[in-house]
Amino acid sequence: MGKSDNKVSLSPLLGKIAAPGDTILELPKEGDQVVRIGGGLRQTGDNVVATRAGGVTKSPQGLYFVEGSQKRYIPQVDDAIIAVVTKRHGEVFEVDIGGPFRASLSGVAFEGATKRNRPNLKVGALVYGRVISADRDMEPEIECMDAHGKSSGFGPLTGGYMFSCTTGLARVLLSNPPCPILSALGTALSYEIAVGINGRVWSKAEDAQTTILVSNSILNSEFISGKQSEAMVKTLLTRMGKMPV
Amino acid sequence: MREAILLSANEREFLVGALQAEQRVDGRRPFDTRRLKVRFGPNDGVCEAQLGPTRVLSSVTAELVEPFPDRPNEGSVRFSVEFSPMASPSFEAGRPSEEAVEVARVIERSLKGSGAIDTEALCVLSGRKVWALNVLIHVLDHGGALLDACSVSVLCALLSFRHPDVTVGGQSGQEVIVHPPHVKEPIQLNIHHLPLAISFAFFEDDGELVVVDPSLKEEAAMRGMLTVCLNPQGELCALQKAGGVAVSTSQIMRCVRIASGKVAERAGQMKALLSEYEQGREKNRIRRRRPHSAMEEENAGSGSAQAGDKSTYHQMESSSDEDSSEEEEEEE
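Chemist: Would you mind showing me how to read the sheet that holds strand S2 (residues 23-26) of chain A here?
Modeler: Residues and elements named next belong to chain A. If you walk across this open sheet you meet the three strands as S2-S5-S4, and the pairing is antiparallel. With one partner strand each, in any of the chains shown, S2 and strand S4 (41-44) form the two edges of the open sheet. In this sheet, neighbouring strand axes are inclined to one another by 25° on average, regardless of whether the strands run parallel or antiparallel. Two strands pair when backbone bridges link them, and S4 and strand S5 (residues 47-50) are joined in this way by four bridges, in the antiparallel orientation.

And the structure:
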């Protein structure tokens, strides 16, 4: 992906740490250049300002964002999140996504759902969804399908266990190729996880002991290196009697 | 009022199901307690105890007041608990909630009710001046088993607290002179025994599934809770079960037996941490009592711990009679 000279001079803080209020870049006064800004950034007049602390990064698609690690989650459009159903108001569900407000999930926002054929989610159910609206002053909205209307892994999550982590760890878990802890666990165990960028991870394995091992290993892997993660998994598996292949 | 934690149906089912296989979600077994960490504050009588993520800070202060008319020879102890809003989304600033009052009451019952604190030793001048102790308990982080952490924190604060030495004299024999710490060494409290709290959580309709030292998620999923306060000698100081699922007497007795083992272990840990603190305090005290030594000042200024220690040990050998006798007394 080629970077033109102007783009480099636009963001002096690229790759550096920004604090809330720092100007990340100034929008060019002339030209039709499109600058895409993502999480942690806000446009005020001609400047793009950081709204959270973290490293300034640019995605391969040219999207600028500020990436930090927090316990608190602020919803952003297109985030994949895990929500807990808290109320049911007729056709709409009220869900908790761990943010400042509860979000709403329409009963028909599932693949193949119609007015007559809606999923019967009870209070306390878990769903894997996507944020479709996240205005600062309004209730966010989520749906359980991708932009094309297909489920793509979104929808209700049955069984399993869920735990909370920081937004930083959630982002690492979603990286491609898989992070060291997930690969290390995968060498000997078969398990399923769904990672919400809101700092929630749902995990499911064949029995409770394995699920607990997977969950706690992931939690403990946040501040240790890849090699240390592999060593930790090896120790745990040996103790459990499930040697890695 | 918000809940301490929002638990999904999946988590609740998984947690209880795993418990039936004697697995706890944080990897512990049903009767494993979390690691205890104790840190002593900058002053005597300040202590922060941590049990896993649960964090409680206690501080003890004392003032000379008139005693209650019906107890002219006794001092008093007052406990107040503050649930900081940073500890949990369910804690709000303002008047203590029902839960906070419950914690204060159980701590009070286990310490005052059992006679752990010698209030007669707090008497300075009968009928006129006694020490009134004020124990402030701040819950800084709620990670489950608040009473367990509070009782360790309060006990360590009381054990490390020192009140100024006083002499009664003067012309009328009724004057109370309070000595500052650099003139006369402050005095420890007289604590007779160490009551410690151990909490249990019950699950399912009959309360047959039980765990020790519940975490926050376990407290959200539990059906009832029991707190047992015992001392290492096996004496029961308090028992608290406020509502919750009905539990058989044999289950309660089982919990008390488990608690006595845990209390013995925890008291041992506490004593070790406390003696470490006391040793550190001794070193500082000895350094403090020789401000005239130029070598001492130089070493203190350079901030080199090793050099400082060497100088104090050296000075300990050449100390005067008066000093050495006091040191021997303190080393007990």
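Chemist: Quick question: what am I supposed to make of the pattern of salt bridges here?
Modeler: One side chain can pair with another of opposite charge once the charged atoms of both are near each other. Residue and element names in this part refer to chain B. Tallying each qualifying case throughout the model produces 24 salt bridges over all chains. Put simply, Arg-34 and Asp-213 hold a salt bridge, and the shortest N to O gap is 2.9 Å. Taken as a pair, Arg-34 in the loop between helix H1 (9-20) and strand S1 (36-40) and Asp-213 in the loop between strand S12 (209-212) and helix H4 (216-221) lie far apart in primary sequence, 179 residues in all. Among the salt bridges present, the one from Glu-74 reaches Arg-71, with a minimum N-O distance of 3.9 Å. Relative accessible area serves as the criterion here: at 22%, Glu-74 is assigned to the partly exposed category. Three or more residues joined by partner-sharing salt bridges are found here, namely Arg-24, Asp-26, Arg-28, Arg-34, Asp-213 and Glu-218.

Chemist: Could you clarify how one ought to interpret the interface of chain A and chain B in this entry?
Modeler: One frequently used descriptor of interface size is the decrease in accessible area upon assembly of the parts. Contact residues are listed per partner, giving 19 residues for chain A and 13 residues for chain B. Of the roughly 1300 Å² buried at the junction of chain A and chain B (both faces included), carbon and sulfur atoms supply 62%. Between the two partners, chain A and chain B, sit zero salt bridges. Here chain A is connected to chain B by six residue pairs in polar contact (both at pLDDT 80 or more). Looking at the side of chain A that touches chain B, the elements with two or more residues in it are strand S8 (80-89), strand S14 (161-164) and helix H4 (208-220) of chain A. Among the elements that make up the side of chain A that touches chain B, the one with the highest residue count is H4(A) (five residues). Among the residues forming the side of chain A that touches chain B, the class breakdown is ten nonpolar, eight polar and one charged.

Chemist: When you look at the packing of H4(A) against helix H5 (residues 226-240) of chain A in this model, what are you seeing that I'm missing?
Modeler: Between two packed helices, what matters for the description is the angle formed by their axes and the separation of those axes. All names here are of chain A. The interhelical angle for the contact between H4 and H5, taken along N-to-C directions, is 160°, at an axis separation of 11 Å. As the angle between them shows, H4 and H5 are arranged roughly antiparallel. Viewed along their axes, H4 and H5 form a crossing whose handedness is right-handed. Counted together, Gln-209, Leu-213, Ser-217 and Asn-220 of H4 and Met-232, Leu-236, Leu-237 and Met-240 of H5 form the full contact between these two elements.

Chemist: Looking at this model, I keep getting lost on the environment of A:Leu13. Mind explaining?
Modeler: All names here are of chain A. As for its placement among the helices and strands, Leu-13 is situated in the loop between helix H1 (5-10) and strand S1 (17-18). Taking relative accessible area as the criterion, Leu-13 reaches 19% and is therefore assigned buried. Other than its neighbours up to four places away in sequence, Leu-13 contacts Ala-18, Asp-22, Thr-23, Ile-24 and Val-56.

Chemist: Please clarify how the pairing of strand S3 (residues 54-65) of chain B should be interpreted in this entry.
Modeler: Along any regular strand, the residues point their side chains to alternate faces of the sheet. Residues and elements named next belong to chain B. Here strand S2 (residues 46-51) pairs with S3 via six bridges, running antiparallel. Across the sheet, the residue bridging to Val-46 is Ser-59, located in S3. Counted along the chain from S2 to the antiparallel partner S3, the turn is two residues long, and its residue Gly-52 has a positive phi close to 65°. For S3 and strand S6 (residues 129-141), the ladder comprises eleven bridges, and the chain directions are antiparallel. Its bridge partner being in S6, Ser-58 is matched across the sheet by Ile-137.

Chemist: In this structure, what is going on with unusual backbone geometry? I would like to understand it.
Modeler: What is expected of a backbone is that most residues other than glycine have negative phi and most peptide bonds are trans. Between A:Asn176 and the following residue, A:Pro177, the backbone shows a cis peptide bond with an omega angle of 5°. Assignment of secondary structure puts A:Pro177 in the loop between helix H2 (167-173) and helix H3 (180-188). At B:Ala145, a position not held by glycine, the phi torsion is positive, near 55°. Residue position: B:Ala145 is located in the loop between S6 and helix H3 (146-160). At B:Glu204, a residue that is not glycine, the phi angle is positive and equals roughly 70°. Along the chain, B:Glu204 falls in the loop between strand S11 (196-203) and S12. Overall, B:Glu204 belongs to the partly exposed group, its relative accessible area being 32%.

Chemist: What am I meant to see in the layout of surface pockets here?
Modeler: Where empty space is left can be seen by rolling a probe of water-molecule size over the atoms. All names here are of chain A. Looking at the second largest pocket, its volume works out to about 1200 Å³. Looking at the second largest pocket, it is lined by 38 residues, and the ones nearest its centre are Gly-38, Gly-39, Gly-40, Arg-52 and Gln-76. Contributing elements (two or more residues each) for the lining of the second largest pocket: strand S3 (36-37), S4, strand S7 (63-67) and H2. The dominant element in the lining of the second largest pocket, judged by the number of residues it contributes, is S7, at four residues. Among the residues making up the lining of the second largest pocket, the classes are represented as 17 nonpolar, eleven polar and ten charged.

Calculation notes
Residues numbered from 1 in each chain as written. Chains lettered and ligands numbered in written order. Predicted model: local features only at pLDDT ≥ 70, side-chain atom pairs only at ≥ 80, totals over all residues. Heavy atoms only, no water. Pairing = 2+ DSSP bridges. Helix = DSSP H or I, 4+ residues; strand = E, 2+ residues; numbered from the N terminus. Axes fitted to C-alpha atoms, helices over the stretch in contact; angles between N-to-C directions. Salt bridge = Lys/Arg side-chain N within 4 Å of Asp/Glu carboxyl O. Buried < 20%, exposed > 50% of the residue type's maximum accessible area, 1.4 Å probe, protein only. Contact = heavy atoms within 4.5 Å. Buried area = accessible area lost by both parts, 1.4 Å probe. Polar contact = N/O pair within 3.5 Å; in protein donor to acceptor, adjacent residues only side chain to side chain. Nonpolar A, V, L, I, M, F, W, Y, C, P; charged D, E, K, R; others polar. Parallel < 35°, antiparallel > 145°, perpendicular 65-115°, else oblique. Left-handed = near helix turned anticlockwise from the far one by under 90°. 1 Å grid on protein atoms, 1.4 Å probe; cavity = no way out; pocket = protein on both sides within 12 Å on 5 of 7 lines; lining within 4 Å. Points joined across faces, edges and corners; volume = space filled by probe spheres on them.

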